Structure formats: C-alpha cells, structure tokens
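# Chain and residue survey
This is what each chain is made of:
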Amino acid sequence: MDNLVFRDVCYTNLDEFVYGIAKKPVQCHNGMVIGGGTVYPEINFTLPPMLISEATMPKVKAQYKEMIEGVCSKAHELNVPGMLVEIELLPPCTFNPQWGIEVTKVVKEVMMEYEAKFNLKSVLRLTPVDIREGKNLKHMYHGEHWDNLMETFRGSAEAGADFLAIESVGGKNLHDDAVMNCDLPRALFSLGVVGTHDMVILWDNIVKIAQETNTLPSGDTACGFANTSMVLANKNFIPKVFAAVDRVMSAVRTLVAVERGAVGPDKDCGYEGVYLKAITGTPISMEGKSSACAHSSTVGNIAACLADCWSNESVENVRLLGGMAPTICLENLAYDCRLMNVATSHGKALEMRDMLAESDRQLDPQAYVLDPSVVLKLSQKIVKGQTPFERTKIAASATIEELREAHKTGALLLNDREVRYLDILKEQLNSVPDDEMEFTQAMIKTNTTDKFDPVKYDIA
Amino acid sequence: MSNFEELSKAVIAGQEQKVKELTQLSINEGVDPLSIINDGLIQGMNVVGQRFKVGDMFVPEVLMSARAMSAGVAMVKPLLLDGQMTSKGTVVIGTVKGDLHDIGKNLVGMMLESSGYQVIDMGVDTASEEFIAAVKENKAQVLGLSALLTTTMLSMKDTIEALKEEGIRNDVKVLIGGAPISQTFADEIGADGFAPDAASATELVGRLIG
C-alpha cells in the first residue's frame, strides 16, 4: 500500500490556492475532472421517516429512485456541467451489505440513463456508514462489523460506485469524552494517535478494494470528531476556540487517507479538507450555507473559498413548496457553482474567494481557520512534524497562537470567555509529553475500556 | 448556614478540593448529612443548571461542578440513615435500535446525573426489549429515547407500544429527543414529552416525576 509522506505543502503561492482548481485533479471514467477548473455540485440525500427492513426495502428503493430521478431531471434542466451524487448509506444498509448494494444499483442506473439520454455527466460517491462501534463490536479489524463494512464497499463498488468514501470513527468515543470535557490532550490522543492508527489499516483496505474494482478511493472526514465539536460549539455548549483547534488537529487524521492512497475529492463534511488540499494538492468537496438543511454552521461562505465540489451535506426526501427537498438542494448547489465558475471565467476567482472569506472570517474562530491564508500558514507548520502525533500537537499549538494573535490585532472577534479558554488549552497542551509512547501509556491508564479498548485496536 | 453558601459556591466553581474540605467541616460540626446534600451541594448544582440553560456556562464547566458535587455527596452518603434518598429518581436512557449516534444522549445523561438523578445508560443501537428489561430491573420512573436518523425515529413508537404490551406503560414516563424529533412527533407516538436539548430534558424530567 502507498505510504506517501508529505514533508512540504503543495501550495506556497496564495494566488494559486482557490476553488475549482487542485494541483492533483482527479480524472473520472466519464471525462469529468474534479479540481480541473470547474466547481461541480455534489448532492446528497437520505430517506424520510421510515423504517428500513427486508419488508420495506422495495419502498426504500422506490424512495431512492424518486430522489435521483428528481435530481437528474433538474440537473439536466439547469445544464450543470457535471455532478457528484453521494449516497451515505444508513446503518441497516451497511449492517446488511446486500441492501446497500441494491440502493447503489438503483441510483447508478438512473444516473447512467440520464448520461445516455441527455449526456448528463455524473459520478457516484458511495459512503458506507462506519458501523465499527456499539456494545456488540468485538474488534475494529475483524469480525462481523468489519466484514460487513468491507463487503458493502466491495459490493457497492461492483454495483457502480465511482468513488469510495467513509466517515470513519476510530477513536471517536475517546473524542466525544474529550469534547464534553474540553480536554485537549485526550482529543490529541484520539485524533493524533488512535485515529491515525485506525486510518492506516482502514484505508489500506479501502484502497485495495478500489484497485480491485477499478473505482477511486476518495477520502475521509472528521465528521464524527471536529463536526461534533462544531455542533456543540454552535449551541454554546463548548467554547468555539476548542472547536477551531479541534478542526485543525483533525486535518492530520484525515490526511492519513491520502498518505495511504486516497486521491480525492475529500468528503464534503470534512471542513479540514482545506488543509488536505494545501498539503497534498488533492481536490476537496466542501459544504457551507448549502448544508443548512442538515446542520447549522458559522462558515457558510468561507467554506466555499477552496471547494472543488460544493455539497449540501444531506437532505431528507420531504416535500417543500418548491418541490422535493433533494431536487431543491441540487438547484441551489447548481446556481452557487454556476456563479463561482463564471467568476473564474472572468478572471475573478481570487476576488470571489476573498469576498467569501471576508464575509465570515472575523466573526468566528472556526471560520478564521478556514481562511486560505491561515490554512497555508498553519499547513506549513503542520508538515514539519515527523509523525501524526507530532503533527497533531503542532496543529493544536500553532492554531492556539494564531487565534490569540488574530484576536490581538482585531482580525478575529472573541469574547472574554473564549479568550480565557485559549489560555486553558495552551496550559493543557503544555502538559503533553513529547514522547508518544509515554503519552500513549498515560492515556491508556486514564481511560476506561468502554471509551477506548486498546485490544480492539491492536494497540499494545 | 453561611457554610452552605460557601459550599454551593465551591460546587458552582467546580472546586472539588474545596468542596471536600467544606463538606468535611460540616460533617465535623455535626450538621445534618441530608441538609449538607440538599442545602449545600445540590443547591449549588441547581444554580449551575440554570446558568447552563441561559448559556452562562459551558458543558465542561458543568461537568467540573458535577464532579465536585459528587465528591461531597460521596463523603456524606455513609452518614445517611436507612431510607434517606440521595437520588431524585432513576432514568433509563439510550439510542434506539439501528442508530449509532450518542453525543446528544450522553449530554442528557450527564445533565441528569449532575442534577441528582440516577442514570442507566443503555448506549447505542438499543432494542425495545433491552429498554423494557432495564426499566423493570431498575424500577425507572423515566425512559429517555434518542434518535438522530429519520429512519430510526419510528423505533421510538415501537418501544412505547412494547411498554404497553408489557403492561408497564403507566409506570414510566417516556421522554424523546434527537435532531429529527419534534413535539408533534412526540404527540403522534404517545410519548410523554420531547426535549430539544440537554438542559430542557433535565427540566422536563423534573416536571414529569416532580
């Protein structure tokens, strides 16, 4: 398996670092090039309230057929230059791989029909749910959970998926605890040690399946990690500065997918993808105001600055005044992308990027760390680390300092409570030893096995 | 009684060591153990709950307060007479079958524990029969069901129906929550209440079994 090591960033010139163009574009089988100069919409949809069982599978498939037909029809009507369709399988469709495979077939069939009839180019990203959690999980890398996950990947790839992706969860229970306690060392252990360890094994297997099925291994996301922080911060449950630091730290974990052979586009809900693009040059999918149908965020515009695909995260198939929700979301995405692409064709992409950044950057630390210039600056520091642990530690330290400096200069508005947490986080980080083994042993001792069982991860 | 005020303040500030010292002082002075808990420790946590609800405290600060309170309660508990209650009630919580999301449910559990309830957490992907067994075994007054997915929220109805079939529906209040859940849905499936967040859930439990 690949073991790429990125010792330097891929971008050093801010003027090259913009939406729609990636230094390592992805060529799709149908001629679409992701990161080749055009921003494509990436639509994601899910079921309305209904149970999934063997008995309801015909209705489940009918729902997916209705959704993809509505989406393809609208995409054709709006002359989109191409689109990505993402299916994030629901848990029963990964616990029962055959159901996930059947969903894949239904969706792909309609996409191919529209390509044949109307030359509507589209590619399917298939994302099984990472079911490796819960009380019945015996081991992360073998047993029923692992087997079903891998079978879903392989079966979906054979059934027509173009891209394989996942929102992996290795170390997530540890991280949940870290978030609720604003415990930076624990978050560091979860992301920089356990999470990265898990990513190596998981992505080696995904990449192998992709090679054997002639599909593309696209990428991962810290959805279960930094997005949990983001949602809690936006509810005022935890400080926003913690969520911002967590986001940058999570980039190191997500990066492992590319080190092991993923080629992009990185997953939409991984806002840390901007760091991935800076370091590796792979294209990324992003979501912002377009994903308000799924969750709120404070990065609605700035998230688009570096996007190569623009996503809605997920929407359920319910009727709104304008039609069915997935179709409406596709329309919104299509117009957003059209505007960005027209700006590019007029040589105004950098101006568009900078306006998107300026509109959000000052108001929230989570937006501030997505600013392209900040991303480049922090990425250059992150790659100096020799191991994922070192890189994650550097990411935390550099982000804390960056936020503190931005607050001092007025580039970032923070209230006193948030500023106080910058000091608390810095103090916590100072308590982390430089020796990874020493840190790991200390962490294992202070965790219960229901939060993290090293045996299940083959970590001694 | 000024000692209680100090004790409450120490709980609010999450100062575990100070709480232990002040609790020991009260014990040494022969203060009624139940009064130490109710008028000092829990009083402090009540303020924490109110502050959290209006956004004046973050979750990690609430947890520090809860740990401080628990440390004090642990010192006093052995001194209580038989039958004196330290728990406000028992709540079984869990994420329903087919759903693996649990951060919201964990927050609810944490807030309930912080407010003096005994919480039995069933974890994620919990079947109706597991909930029923836990309710029976722990004589729970409240069952809290969580779901994030549109495809699992209907499991809540199944669990309520199963409670009826077991003949224990009237013995336990059912509280539901999660991103796709609404009061309308709670009414439709016959739940006793819906809470949009952890602080509201704690208040609702208080009202339901008050």
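Residues numbered from 1 in each chain as written. Chains lettered and ligands numbered in written order. Predicted model: local features only at pLDDT ≥ 70, side-chain atom pairs only at ≥ 80, totals over all residues.

Next up on the list: the overall build of chain A. Of regular secondary structure, chain A possesses 16 helices and eleven strands. Taking the principal axes of the C-alpha coordinates as reference, chain A spans close to 60 × 55 × 40 Å. Here the analysis covers contacts within chain A between residues at least 6 apart in sequence; of these, 74% occur between residues at least 24 apart. (Helix = DSSP H or I, 4+ residues; strand = E, 2+ residues; numbered from the N terminus. Contact = placed C-beta atoms within 7 Å.)

What follows concerns helix α2 (residues 16-28) of chain B. Residues and elements named next belong to chain B. Taking 1.5 Å of rise per residue, 13 residues should cover 18 Å, and α2 covers 18 Å from first to last C-alpha, within 8% of that figure. All buried positions along α2 are accounted for by V19, L22, T23 and S26. Along α2, the residues classed as buried sweep out an arc of 105° about the axis, all on the same side. Residues of α2 that are exposed and angled more than 90 degrees away from the buried face: Q17 and N28. A positive backbone phi angle near 80° is found at G30, which sits one or two residues after α2. (Expected span 1.5 Å × (residues − 1). Buried ≥ 20, exposed ≤ 12 C-beta atoms within 10 Å, placed from the backbone. Arc of directions from axis to C-beta.)

Here we come to the environment of I131 of chain A. Mapped onto the secondary structure, I131 of chain A falls in the loop between β5 (122-127) and α4 (144-158). Judged by the 22 C-beta atoms lying within 10 Å of it, I131 of chain A is buried. Once the C-alpha coordinates of I131 of chain A and H145 of chain A are considered, the two residues, 14 residues apart in sequence, prove to be 6.2 Å apart. Non-local contacts of I131 of chain A, meaning those with residues more than four positions away in its chain, are made with P91, T94, F95, H145, N148 and L149 of chain A together with L100 of chain B.

So, about the interface of chain A and chain B. Contacts between chain A and chain B engage 25 residues on the former and 22 residues on the latter. Considering each element in turn, the side of chain A that touches chain B owes the most residues, three residues, to helix α5 (residues 172-181) of chain A. Partitioned by chemical class, the residues of the side of chain A that touches chain B number 15 nonpolar, five polar and five charged. (Nonpolar A, V, L, I, M, F, W, Y, C, P; charged D, E, K, R; others polar.)

Right, let's get into unusual backbone geometry. Residues and elements named next belong to chain A. The residue after G264, namely P265, is reached through a cis peptide bond having omega -5°. With respect to the secondary-structure elements, P265 resides in the loop between α8 (240-259) and α9 (273-280). The residue C182 is not glycine, and still its phi comes out positive at about 50°. When you line up the elements, C182 lands in the loop between α5 and α6 (184-213).

Residue and element names in this part refer to chain B. Here five strands make up an open sheet; going across it, the order is β2-β1-β3-β4-β5 and the pairing parallel. Since the sheet does not close on itself, it has two edges, and those belong to β2 (118-121) and β5 (193-194), each with one partner. Bridge count for strand β3 (residues 142-146) against strand β4 (residues 173-177) is five bridges, and the pairing is parallel. Looking across to β4, one finds that V142 is bridged to K173. Lying on the sheet, helix α6 (residues 128-138) is in contact with β1 (90-95), β2 and β3; it crosses β1 at an angle near 165°. Contacts from helix α9 (residues 198-209) reach β1, β3, β4 and β5 within the one sheet, and its direction differs from that of β4 by about 165°. (Pairing = 2+ DSSP bridges. Axes fitted to C-alpha atoms, helices over the stretch in contact; angles between N-to-C directions.)

Ranked by size, the top nonpolar core spans 219 residues in total, and within it V85, V107, I238, A307 and A395 of chain A carry the most contacts. Looking at which domains feed residues into this core, each of domain 1 (2-79) and domain 2 (90-209) of chain B supplies at least three. (Core = buried A, V, L, I, M, F, W, Y, C linked by C-beta atoms within 7 Å. Domains from an automatic or database assignment.)

What follows concerns the domain arrangement of chain B. All names here are of chain B. According to the domain assignment, chain B contains domain 1 (2-79) and domain 2 (90-209). The straight-line distance from the C-alpha centre of domain 1 to that of domain 2 is 28 Å. Contact with domain 1, which involves nine residues of that partner, is made by eight residues of domain 2. When contributions to the side of domain 1 that touches domain 2 are tallied by element, the ones reaching two or more residues are α3 (33-53) and α4 (59-76). Of the residues contributing to the side of domain 1 that touches domain 2, the split by class is seven nonpolar, one polar and one charged.

Residue and element names in this part refer to chain A. With respect to topology, seven strands assemble into an open sheet ordered β7-β6-β5-β4-β3-β9-β8, the strand pairing being parallel. In this open sheet, the two strands that pair with only one neighbour each are β7 (216-219) and β8 (285-287). Strand-to-strand twist of the sheet, defined as the mean angle between neighbouring strand axes without regard to direction, takes the value 30°. In this structure, strand β3 (residues 40-44) lies alongside strand β9 (residues 309-311), joined through three bridges in parallel fashion. What sits directly across from P41, in β9, is W310. Its contacts with the sheet put α6 on β6 (163-165) and β7, and the angle it makes with β7 is roughly 145°.

All names here are of chain A. With 21 residues, helix α1 (residues 57-77) extends 30 Å between its outermost C-alpha atoms, agreeing within 8% with the 30 Å of an ideal straight helix rising 1.5 Å per residue. Along α1, the residues that are buried comprise V60, Q63, Y64, M67, I68, G70, V71, C72, K74 and A75. Where the residues of α1 are buried, they touch β3, β4 (83-88), α3 (97-118), β11 (323-324) and α10 (325-345). In the stretch just after α1, N79 is the one whose phi turns positive, near 55°.

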